[in-house]
Amino acid sequence: MAAPKKGRGPAARAQGKPGRALALILIVMVALVGGMFWSGSLSPRLGIDLAGGTSITLSAENEPGKPNAINKTNMDTAVSIIERRVNGMGVSEAEVQQQGDRNIIVNIPKATDSEQARKQVGTTAQLYFRPVLTVAGAAPLPQQPAAKGSPSASPSGKSSAKPSSSPTTQGRAVTEGLEKAPSPTATATAAASDKPKTPESPKPSASGDAAAAAALDKQFAALDCTPGKNRSNPAQHAKPTEPTVACSSEGDAKYILGPAEVEGTDVDGAKAVLDPQRGMWIVTMDFTDKGSKKFQTITGRLSQQPEPQNQFAIVLDGEVVSAPRVNQALGGSAEISGNFTQESATELANILSYGALPLTFHESSVTSVTAALGGEQLQAGLIAGAIGIALVVIYLVVYYRGLSLIAILSLMVSAVLTYSLMSLLGPAIGFALNLPAVCGAIVAIGITADSFIVYFERIRDEIRDGRTLRPAVERAWPRARRTILVSDFVSFLAAAVLFVVTVGKVQGFAFTLGLTTLLDVVVVFLFTKPVMTLLARTKFFGNGHPWSGLDPKRLGAKPPLRRTRRVSATIDPKEA
Amino acid sequence: MSRLGNIGARLYRGEVGYDFVGKRKFWYGISILITITAALGLAIQGLNFGIEFKGGAVFTTPKTSVSVAHVQEAAERVSGHDAIVQKLGNGGLRIQVSGLDTKKANAVKTDLAAGLNVPEQEINADLVGPSWGEQIANKAWTGLGIFMVLVVIYLAIAFEWRMAIAALIALVHDLTITVGVYALVGFEVTPGTVIGLLTILGYSLYDTVVVFDSLKESSKDITKQTRWTYSEVANRSINATLVRSINTTAVALMPVAGLLFIGGGFLGAGMLNDISLSLFVGLAAGAYSSIFIATPLVADLKELDPQMKALKKRVLAKRAAADAKGEPETGFAAEDAESLDMEHEDVAAVVGQRRSGARGRGKRR
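Every residue gets a number counted from 1 within its own chain, in the order that chain's sequence is written. Each chain takes a letter, starting from A, and each ligand takes a number, starting from 1, following the order in which they are written. Confidence filtering applies because this is a predicted model: local features only for residues at pLDDT of at least 70, side-chain atom pairs given and counted only at 80 or more, and all residues used for totals across whole chains, interfaces and linings. As a convention, hydrogens and water are excluded, and side-chain values are obtained from all of the structure's heavy atoms.

A. Representation of the packing of helix α16 (residues 435–464) of chain A against helix α17 (residues 469–501) of chain A in the model. Residue and element names in this part refer to chain A. Lines are fitted to the C-alpha atoms to define the axes, a helix being fitted only along its stretch in contact, and any angle between axes, read from their N-to-C directions, falls within 0 to 180 degrees. Per the convention used, a helix needs a DSSP run of H or I reaching at least four residues, while a strand needs a run of E reaching at least two, with both numbered from the N terminus. In the contact formed by α16 and α17, the axes pass within 8 Å of each other and the chain directions differ by 145 degrees. The interaxial crossing formed by α16 with α17 has right-handed handedness. In this structure, α16 uses Ile447, Ser451, Val454, Tyr455, Arg458, Ile459, Glu462 and Ile463 to contact α17, whose residues at the interface are Leu469, Ala472, Val473, Arg475, Ala476, Trp477, Arg479, Ala480, Thr483, Ile484, Asp488 and Ser491. With the far helix as reference, a near helix turned anticlockwise by less than a right angle produces a left-handed crossing, and one turned clockwise produces a right-handed crossing. By the convention used here, residues are in contact when the closest approach between their heavy atoms is within 4.5 Å.

In structure tokens, the structure reads:
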């Protein structure tokens, strides 16, 4: 949209020099079309309703007691959390956008497992504090022995039964062994010492626990947290009371985590603050009464542990967003320091203070469109548009004859500009052509043609006043220009207000309408007027050929007399 | 065509013309009648809100041979709610179930797929919670309010406050008519309708602005002459821009008609149809109001201005004097006498025409 604005100023000045304006619009067109090929976006990005796919609209709900909960920060946090969730499913090209001040639109193209998407998006995110049992690099462990050692992990299994109990030394040893799994000796000892223990497990349930723990270790070994892969979030579906494996949200580490000990709801609030003494960003958090007791217990215990068990993991939707080390028992408030930037500190604070999604959402609409129906609708829209253009062209040709050539050329220029801009705006600002936008574009044909009619009628009026074509073209222009600008401004105002205020589908429509109105101004100023000036110099138009649409005789031109005396009896009675 | 061109020329010169301003009371009456009808229709019939406002689901199936009645029965049995089933142009079905919430809708979809013997993925589902349409409508009202305030400010600056008020009244008038038509005919109101309705805002004003622009120009030095009153100049402006107004409206209606009859008809009811239907009704209403309501209102408001009152007195006095001197025509004299009365402004019907006898049969468009 920058290009059109650039052009307008010079256009007004270049009135008498049609060549310059035409050169300018030619450059703009070449640039836009060239940009289209250069960026490889040869056609507009299609919206869900045309390309097929699922679109879910989530609306934030007002909750009692939280009157100002729906604000920009909370919505931004919610968008980023939902985005993480949707893309965590391995759905490519899914987009999550805020729309209006309380809606989040999730668009999942090509109907990729819309069921799962709905579930994922719809459920409330979960935040837990879990003790860290083991940490390892992101890649799957190359050897299996580690998994063999797993039965000894039963202590961690036990701890699931009694969440508050601290992991035993044995458990720690094993997990440490696991961590060093690639080193053959450590693995060997672990495997050797642990194997016999399994059957001897004292508790009746132990075999079950052991099996679970074995599964856990196997899972851990196989877990691939490397980003870029379709990693699932194993911890996402894990019960909070059971240990689980998890990836860090950056994908650079993986963890075995104990059962959740503090829940997101136990956090009262968190803030990102710049510590003036150390000059670094930290995150402070406060707990509720219940939460501070729990937190005191966990930190008291963890601070006694060696690495890496002196960490607790902040797990959001099954991903470890942060795993801070604990140095001492902490009470109702705590601070987390690390290599935070302002951004990352704020993000963590947001995650902590809102538990999960900062707001409650409900699905206000779900649309799933098969590509077949979307294609059909697009086709119908295109047919309708083609018929609309054909009707307008026929009307213009019949009524304006030769002049219609200028109008049709202008419509074509307008079409090229609209199409290339729409294609470019896809990658640039995420513009997607949906059905209402197609409607807007079709309706805009009328708006664009209106401008020509205003100008042509003005020229004809001037000819009727007895002017020859060349002065008529120039004299008609300032007046037509004002009318076009004023009425286009009103149209643009309507589109702009609609775009800013409304939500959902209305926005696509308003955007297209606003864009085409702007383009209309550009085309009329930089193309229609200059071309008119040039053609006025030709014999066909300049001498008012009967087919030019500017034949003075047909237009009923009169010798230039004073208007009031022009009432003559000659024409009048015929008509009456 | 030349004939049409000629009419354009003569309209431009005011040789022929329809006395829009003079007969404005008749048109006001018509508009008031339409508005009352619309209001009554709205009060008695109410609007037929689509599922987007009531909450529910629309399923679109691929081509199927199962009968409409059968599907309707099945859909109602499965969902426990009322269902409307329509056959689409492509042989598919459009099944609309109201009152269904987004959670239950999936089960219904599965059942429908089994009943119709089509794969579930090929059924499109549009599930809407009851508050969604309300939200869209609320936003639309906000947008409408903001737009009206901005446009009044803009028109008051670009033209003058009287024109701004007249344009606003015409706009409200168009919206009322459009909504009234929806109530009376019982067309379904969907978000698409709301989009269309909001677009009328811009369009309805387009024609009005074109006429006002011409009026502003021709009334620039109006107080410096004693030939015509403001109302007459206003009427002249309408007639001079009549061809333009008709052309712009026709050209605007054509693509919309294409959308409505071809695009919409192809797919049965749908977004295309909803938008284009309200646009079609609104555009027609907008063209009518810019000619018959907006400009006459400006003339009415303007004639309240002391300057214009004085002008009118001078014009009429001069005319009376000229008539007394020249060949007084009976008809004209009578009209003139009447028009001296400030309450009745039925002065010469067509501006620029002295012999009102001949003018009376101005051409209607």
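B. Layout of the sheet that holds strand β9 (residues 280–287) of chain A. All names here are of chain A. As summarised here, the arrangement of the three strands in space is β8-β9-β12, forming an open sheet in which the pairing is antiparallel. Strand pairing shows two members of the sheet lacking a second neighbour, β8 (267–275) and β12 (333–340), which therefore form its edges. Adjacent strand axes in the sheet meet at a mean angle of 25 degrees when their direction is disregarded. Judged from the six bridges that link them, β9 and β12 form a sheet pairing that is antiparallel. Bridge pairing in β12 links Val283 to Ile336. Those strands touched by helix α12 (residues 289–302) are β9 and β12, and its axis lies near 115 degrees from that of β9. At least two DSSP bridges between two strands are required for those strands to pair.

C. Spatial organisation of the packing of helix α15 (residues 403–429) of chain A against α16(A). Residues and elements named next belong to chain A. Axis separation between α15 and α16 bottoms out at 10 Å; the angle between their running directions is 145 degrees. The hand of the α15/α16 crossing is right-handed. Taking contact as the criterion, the partners of Leu403, Ile406, Ala407, Ser410, Leu411, Ser414 and Met422 in α15 are, on α16, Ala441, Ile445, Thr448, Phe452 and Phe456. Amino acids outside the nonpolar list (Ala, Val, Leu, Ile, Met, Phe, Trp, Tyr, Cys, Pro) and the charged list (Asp, Glu, Lys, Arg) are all regarded as polar, and Gly is one of them. For the contact of α15 with α16, a count of residues per class yields nine nonpolar, three polar and no charged.

D. Local environment of a nonpolar patch on the surface. A grouping of B:Ile146, B:Val149, B:Leu150, B:Ile153 and B:Ile157 is seen on the molecular surface, where their side chains present a nonpolar patch of about 450 Å² in accessible area. Mapped onto the secondary structure, B:Val149 falls in helix α6 (residues 130–158). Patch definition: residues above 30% relative accessible area lacking any salt bridge, with like charges linked at up to 9 Å and the nonpolar side chains Val, Leu, Ile, Met, Phe, Trp and Tyr linked at up to 5 Å. Per-residue and other accessible areas follow the Shrake-Rupley method at a 1.4 Å probe size, with only the shown protein chains counted as cover for residues. Salt bridge, as applied in this entry: a Lys or Arg side-chain nitrogen positioned within 4 Å of an Asp or Glu carboxyl oxygen.

E. Quick look at the packing of aromatic side chains. All names here are of chain A. Stacked, tilted and edge-to-face are the three classes assigned to paired rings of Phe, Tyr and Trp, where Trp is represented by its six-membered ring and a pair needs centres within 6.5 Å; plane angles under 30 degrees give stacked, over 60 edge-to-face, the rest tilted. Under the definition given, this model contains 21 aromatic pairs over all chains. Considering the side-chain rings of Tyr395 and Tyr399, the 6.2 Å spacing of their centres and the 10 degrees angle between planes classify their relative orientation as stacked. Separated by four residues within a single helix, Tyr395 and Tyr399 lie in helix α14 (residues 371–400), roughly one turn from each other. A connected cluster of aromatic rings, assembled from ring pairs, spans Tyr395, Tyr399, Tyr400, Phe452, Tyr455, Phe456, Trp477 and Phe525.

F. Highlighting the pattern of salt bridges. Within the structure shown, the criterion is met by 18 salt bridges over all chains. Between A:Arg482 and B:Asp213 there is a salt bridge whose closest N-O contact spans 3.0 Å. Placement of the pair is A:Arg482 in helix α17 and B:Asp213 in helix α8 (residues 191–218), with the two residues belonging to separate chains. Residue exposure (1.4 Å probe, protein chains only): buried if accessible area is under 20% of the type maximum, exposed if over 50%, otherwise partly exposed. The class for A:Arg482 is partly exposed, based on a relative accessible area of 32%. A salt bridge links B:Arg162 to B:Glu160; the shortest N-O distance between them is 2.7 Å. Classification of B:Arg162 by relative accessible area gives buried; the value is 11%. Through salt bridges with shared partners, a single network forms among A:Arg458, A:Glu462, A:Asp465, A:Arg467, A:Arg475, A:Arg479, A:Arg482, B:Asp213 and B:Glu217.

G. Structural context of the UniProt feature "transmembrane region" (unreviewed entry) in chain B. Residues and elements named next belong to chain B. UniProt positions are given in the numbering used here, feature names are shortened, and annotations may be inferred rather than shown by experiment. Cross-referencing UniProt, the feature "transmembrane region" (unreviewed entry) maps to residues 26–44, 140–157, 164–187, 193–215, 246–269 and 275–299 in the present numbering. Secondary structure content for residues 164–187 is 92% helix and 0% strand, while the C-alpha to C-alpha distance between its ends is 32 Å. Across residues 193–215 one finds 100% helix and 0% strand; the C-alpha atoms that close the span lie 33 Å apart.

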